[in-house]
Amino acid sequence: MPSVPATTAVLYSESEVPDSLFDDGSLDVTDLTAQTTRALAEILPPVDPALLTEKPRFAYFPWRKSLVKIPGPLSFRRLRLDRNRHKLTAADLDAAAKLRIGVVGLSVGHAIALTLTLEGLAGELRLADFDDLELTNMNRIPATLLDIETNKAVVASRRLSEIDPYLTTSVFSDGITAENIDEFLDGLDLVVEECDSFDVKVLVRHRCRELGIPVLMETSDGGTLDVERFDLEPDRPLFHGLAGDLRIEDLVGLDRAHLTPLAVKVLEPARVTAPMAASAIELGHSVTAWPQLAGDVLLGGATVAAAVRRLVQGRPLPSGRVRFDRDAWLDGLTDPLDRAHDNAGTADESTDQLPVEEMSDLELITYAASRAPSAGNQQPWQIIADDDSVTIVLDRSRTSTLDIEHRASAVAVGAALHNARVAAASRGVLDDLEVVADDRTILGRVRLKGLGAGVHAPEYERELRTLLARGTRRGPGNGSPLDDDDLIRLADVADTEITRLVPLTDRARITTFASIADRSDRVRFLTPELHREMFAELTADPAAGAGIDIASLDLPPAMAGMLDVLRRADVMSLLDEWGGGAALGADAAARVTSASGILLLVQRGRTPADYLRAGLVVEQLWAAAEQLGYAVHPVTPAFLYALDDATARSLSSNHGDVLAGLRREMDELCPVADDEAVTIVLRVSRSASPTVRSRRLPG
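Parameters at a glance
- Every chain's residues receive numbers from 1 upward, in the order its sequence appears when written.
- Only residues with pLDDT of at least 70 are given local features in this predicted model, and only at 80 or more are side-chain atom pairs given and counted; all residues enter the totals for whole chains, interfaces and linings.
- In computing side-chain properties, one takes all heavy atoms of the structure into account and sets aside hydrogens as well as water.
- Starting at the N terminus, helices and strands are each numbered in turn, a helix being any DSSP run of H or I of at least four residues and a strand any DSSP run of E of at least two.
- Between the two quantities, the radius of gyration covers C-alpha atoms and the globule rule is 2.2 Å times the number of residues to the power 0.38.
- The rule is simple: take the accessible area with a 1.4 Å probe, protein chains only, and divide by the maximum for that residue type; under 20% is buried, over 50% is exposed, in between is partly exposed.
- The method behind every accessible area is Shrake-Rupley, applied with a 1.4 Å probe, and residues are considered shielded solely by the protein chains displayed.
- We treat Lys and Arg as the positive residues and Asp and Glu as the negative residues; His and chain ends play no part in the count.
- Taken as the charge centre is NZ of Lys, CZ of Arg, CG of Asp or CD of Glu, depending on the residue.
- As used here, the arc belongs to the directions running from the helix axis to the C-beta atoms.
- Throughout, a residue-residue contact means that at least one pair of heavy atoms, one from each residue, lies within 4.5 Å.
- What counts as a salt bridge is simple: a side-chain nitrogen of Lys or Arg found within 4 Å of a carboxyl oxygen of Asp or Glu.
- A pair of strands is considered paired only if DSSP assigns at least 2 bridges between the two.
- Fitted lines through C-alpha atoms give the axes, limited to the stretch in contact for helices. The angle between two N-to-C directions lies from 0 to 180 degrees.
- Roughly parallel means an angle under 35 degrees; roughly antiparallel, over 145; roughly perpendicular, 65 to 115; everything else is oblique.
- By convention the crossing between two helices is left-handed if the near helix lies anticlockwise of the far one by an angle smaller than a right angle, and right-handed if it lies clockwise.
- Note on terminology: a nonpolar core comprises buried Ala, Val, Leu, Ile, Met, Phe, Trp, Tyr and Cys residues joined through side-chain atoms within 4.5 Å.
- Note on disulfides: each one is a pair of cysteine sulfur atoms within 2.5 Å.
- A score between 0 and 100, pLDDT records how confident the predictor is in each residue.
- Residues were grouped as follows: Ala, Val, Leu, Ile, Met, Phe, Trp, Tyr, Cys and Pro as nonpolar; Asp, Glu, Lys and Arg as charged; and all remaining residues, including Gly, as polar.
- Each polar contact in these results corresponds to two N or O atoms within 3.5 Å; when the atoms are within protein, one needs to be able to donate a hydrogen and the other to accept it, and residues that are neighboring in sequence are counted only if both atoms are side-chain atoms.

1. Section: the overall build of the protein
Right, on to step 1. A tally of regular secondary structure across the protein gives 28 helices and 21 strands.
Right, on to step 2. Its C-alpha atoms give the protein a radius of gyration of 36 Å, clearly above 27 Å, the size a compact globule of 699 residues would have.
Right, on to step 3. Out of the 699 residues belonging to the protein, those deemed buried represent 50%.
Right, on to step 4. Accessible surface for the protein amounts to roughly 32400 Å². Of this, 53% is attributable to carbon and sulfur atoms.
Right, on to step 5. Computing the positive centroid from 73 side-chain charges and the negative centroid from 108, the protein places the two 2 Å apart.

What follows is the structure, encoded as structure tokens:
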């Protein structure tokens, strides 16, 4: 049997394994490479082909009498740390692999070294502890009964080696002394100090300060983490100066009775937990050592690992102290059920019950105008009524980045104008329509005559009831095709002097538009301004008059559960940084794919007045589709109101080229002349989802 260290695995290539190992009948031989080869081939994104041909190794663990065939070092690392993504990038892990960290004291230090190893946050670990494992240590050290009477540093090193045989570990089983400290510290990037001896704590810091090595200490009482950046502050006082100007020579020969008060000063007596403070008084009386709990110790491992992550990521980690007090956190427990009840939003159906028959002519006309659809349900209008007219004026303050030159708002004003016109006609008071749209004003006006005459027109009353019942149904459809007769009836509505209908009904063209919608939605999520506006439109507040009710989105359970994650700008920023977010547009694509058809309304002319007049037709087309039994849902891409690539590009600081490219794809799918533009895109489907009536602002 070869002579091997008792603390780390011995690594062999296949050709180097001594015959004596294979001949040892008591040796347990395991081959992991079949399973790891499959896992490596299935990993996403696919790995470098060189990893698939990397030669395996054998790891020999003499204390276990085990020989294990494992992947080569690069393959092993790629597989073992794969689940770190996207919390640690490949660059972060490469930086961490160069870190040389010393851990002094392997009680709390065992959990810290273990966590650093699990997360791949070190290339070399030096472990120092003079003490052997005892049964009294096993309330907090993740070891076994078989490790008792083995040096704590050796126990830790063996465990780390069993996790990662390629990790370099070395053991200082005499602990840290004045004689070996320079050897221990030589070349280290960081020291984690967790020993019990106060004089050793001072010795380690004193020498680290001289060498410019930062020191971390996690105190398993109230989750206290200390950071001393001696690399950045060469004159920084030890322990933040809390115990005064400590010198090593002043501590020589002091017993526990004299050292304990110094240790307590470092912990800040007023801030340590009551059990710890009381235990300081009882040391040597009713307790033999500082009390420690496994949960506190394991939390310390996580806390130190978080600090090391900041170092490898180049994020700020200044000198100082922070507390992660679990009891304080638990005192702040809140019940998500209470928040859910407080924030629950429901679709507003109260307007369905308004007594339309009891309204005056002006009340009915203004109410009908207010029920028109608008992008993001922003209701971008002011409705002004007098005895001669009802005027719908565009409110330029209710806009968004995608509402380029207020084109979407002009469409909404046109839809409101149509509703007002039908309401006036139903009461027999319609005289004429007027449209004013220039650089300063966009408005539509219904001129009235004979208010209060009481001459009702039943054919318009039926149309009005349809318009007032109109709503958005965002749920998925069943994918059944649009009937030819229905398509003819819809074209009869949309093909006018100012608009024409371009339907997408064959599955290939619907799929193409689904891909466009998918990528357009992804850009909305990943562009900070568009993401902020998108979520500003959503509301769960039952009292909110504008915006889209979250309850009306008819989200699939998986997406509904992720909504609070999707609204986070920091999450979107990370996805963008990683080149991820492919799933962000999947819901939009799925809804488009489930459609019976996609209706693109194309208008003639590109002036504000043209968009307003096209809005009249939008409302008629929407109502006609609902009368035919279809669910209607606007699925307008982000770039729709950009009439050239430069404008589309300007909508997103980070993905403008994508939007410009999508705009060109849309032109290929639905070609338009130079004097035409797409007014809106409607998804029509057969769906069981409920019709949701939008909230409305007062007045």
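That was the structure; now back to the text.
2. Points about helix α19 (residues 484-494)
Right, on to step 1. Of all the positions in α19, only D486, L487, L490, A491 and A494 are classed as buried. For α19, the arc enclosing every buried residue in end-on projection is 135°, short of the 170-degree limit, so these residues lie on one face. Exposed and oriented more than 90 degrees from the buried face of α19 are D485, I488, R489 and D492.
Right, on to step 2. Among the structural elements, β16 (499-504), β19 (597-604) and α26 (608-627) are those in contact with the buried residues of α19.

3. Structural notes on the side chain of E537
Right, on to step 1. For E537, the position within the fold is in the loop between α21 (528-536) and β17 (538-539).
Right, on to step 2. No salt bridge is formed by the buried E537, whose closest oppositely charged neighbour, R524, lies at an N-O distance of 4.2 Å.
Right, on to step 3. The residues contacting E537, other than those within four sequence positions of it, are G376, Q378, R524, G547 and I548.

4. Quick look at unusual backbone geometry
Across the chain, the bulk of peptide bonds are trans and the bulk of non-glycine residues have phi less than zero.
Right, on to step 1. In this structure, P45 follows L44 across a cis peptide bond, with omega equal to -10°.
Right, on to step 2. Its place among the elements puts P45 in the loop between α2 (33-42) and α3 (49-52).
Right, on to step 3. The phi dihedral of F239 is positive, around 55°, even though this residue is not glycine.
Right, on to step 4. Structurally, the position occupied by F239 is in the loop between β10 (224-228) and α10 (248-251).
Right, on to step 5. The backbone of N377 sits at a positive phi, close to 50°, despite the residue not being glycine.
Right, on to step 6. Among the structural elements, N377 can be located in the loop between α16 (361-370) and β12 (381-385).

5. Concerning the sheet that holds strand β4 (residues 66-70)
Right, on to step 1. If you trace the four strands from one edge of the open sheet to the other, you get β1-β3-β4-β2, paired in mixed fashion. In this open sheet, the two edge strands, each paired with only one partner strand, are β1 (10-13) and β2 (28-31). Geometrically, the sheet is characterised by an average inter-axis angle of 20° between neighbouring strands, direction not taken into account.

6. Quick word on the packing of α2 against helix α4 (residues 73-80)
Right, on to step 1. For the pair α2 and α4, the least separation of the axes is 10 Å and the interaxial angle reads 65°. It follows from the interaxial angle that α2 and α4 lie roughly perpendicular. Helix-helix and strand crossings are classified by hand; for α2 and α4 the assignment is left-handed. For the pair formed by α2 and α4, the contact residues are T36, A39 and L40 on the first element and S75, R78 and L79 on the second.

7. Considerations on the pairing of β12
Right, on to step 1. Where β12 meets strand β13 (residues 389-394), five bridges bridge the pair, whose relative direction is antiparallel. Bridge pairing in β13 places I383 opposite I392.
Right, on to step 2. Counting the residues between successive antiparallel strands, the hairpin from β12 to β13 contains three residues.

8. Remarks on the nonpolar core
Right, on to step 1. Grouped together as the largest cluster of nonpolar side chains are 89 residues, with contacts concentrated most on F513, I598, L600 and V681.
Right, on to step 2. Top element by residues in this core is helix α17 (residues 407-426). It accounts for 12 residues.
Right, on to step 3. In this structure, L600 is in contact with R500, L501, V502, L504, M666, C670, V678, I680 and V681, ignoring residues within four places of it in sequence.

9. Some words on the pattern of salt bridges
Right, on to step 1. In total, this model carries 35 salt bridges according to the counting rule given.
Right, on to step 2. D570 is paired through a salt bridge with R568; the nearest N and O atoms lie 2.6 Å apart.
Right, on to step 3. A relative accessible area of 43% places R568 in the partly exposed class.
Right, on to step 4. Through salt bridges with shared partners, one network takes in E193, K201, R205 and E228.

10. Observations regarding the sheet that holds strand β9 (residues 215-219)
Right, on to step 1. Strand order in the open sheet made by the seven strands is β7-β6-β5-β8-β9-β10-β11, with mixed pairing throughout. Strands at the two margins of the open sheet, each flanked by one partner only, are β7 (168-172) and β11 (320-323). The sheet shows a mean angle of 15° between the axes of neighbouring strands, direction not considered.
Right, on to step 2. Bridging between β9 and β10 involves five bridges; their strand directions are antiparallel. Paired with T219 across the strands is T224, a residue of β10.
Right, on to step 3. On top of the sheet, helix α9 (residues 198-211) reaches β5 (100-104), β8 (190-193), β9 and β10; it is set at about 165° to β8, its chief contact.
Right, on to step 4. The strands touched by helix α13 (residues 294-312) are β5, β8, β9 and β10; relative to β9, the strand with the most contacts, the crossing angle is about 155°.

11. Some details on the environment of V10
Right, on to step 1. Inspection of the secondary structure puts V10 in strand β1.
Right, on to step 2. Residue classification places V10 among the buried positions, given a relative accessible area of 16%.

12. Description of the side chain of T224
Right, on to step 1. Within the secondary structure layout, T224 lies in strand β10.
Right, on to step 2. What makes T224 buried here is its relative accessible area of 4%.
Right, on to step 3. Those residues in contact with T224 that lie beyond four places of it in its chain are M217, E218, T219, R321, V322 and R323.

13. Focus on the state of the cysteines
Right, on to step 1. This structure, assessed with the given rule, holds zero disulfides.
Right, on to step 2. Summary of cysteine pairing: C195 is not part of a disulfide, and the nearest cysteine sulfur, belonging to C208, is at 11 Å.

14. Structural notes on the confidence of the model for the protein
The predicted coordinates ought not to be read in detail in places where the model reports low pLDDT.
Right, on to step 1. On average, residues of the protein carry a pLDDT of 89, and 91% of them reach 70 or more.
Right, on to step 2. The low-confidence segment residues 1-5, where pLDDT is below 50, has 14 contacts with residues more than four positions distant or belonging to other chains.
Right, on to step 3. Across residues 343-353, confidence stays below pLDDT 50; counting only partners more than four residues off in sequence or on other chains, it has 23 contacts.

15. What to know about the packing of helix α18 (residues 458-469) against α26
Between two packed helices, the angle of one axis relative to the other and the distance separating the axes together describe the packing.
Right, on to step 1. Direction vectors running N to C along α18 and α26 enclose 90°, while the axes themselves pass 10 Å from each other. As judged from the angle between their axes, α18 and α26 are roughly perpendicular. On α26, the residues touching T466, L467 and A469 of α18 are E619, A623, E626 and Q627.
Right, on to step 2. Looking at the contact of α18 with α26 residue by residue, the class counts come to three nonpolar, two polar and two charged.

16. Thoughts on the environment of R522
Right, on to step 1. With respect to the helices and strands, the residue R522 is situated in helix α20 (residues 507-526).
Right, on to step 2. Classification of R522 by relative accessible area gives buried; the value is 19%.
Right, on to step 3. Taking the C-alpha atoms as reference points, R522 and M572, 50 residues apart in sequence, are found 9.9 Å from one another.
Right, on to step 4. Contacts of R522, omitting those with residues within four sequence positions, involve G579, G580, G581, A582, L584, G585 and H655.
Right, on to step 5. Within the local environment of R522, its side chain forms a polar contact with the backbone oxygen of G580, the two atoms lying 2.5 Å apart.

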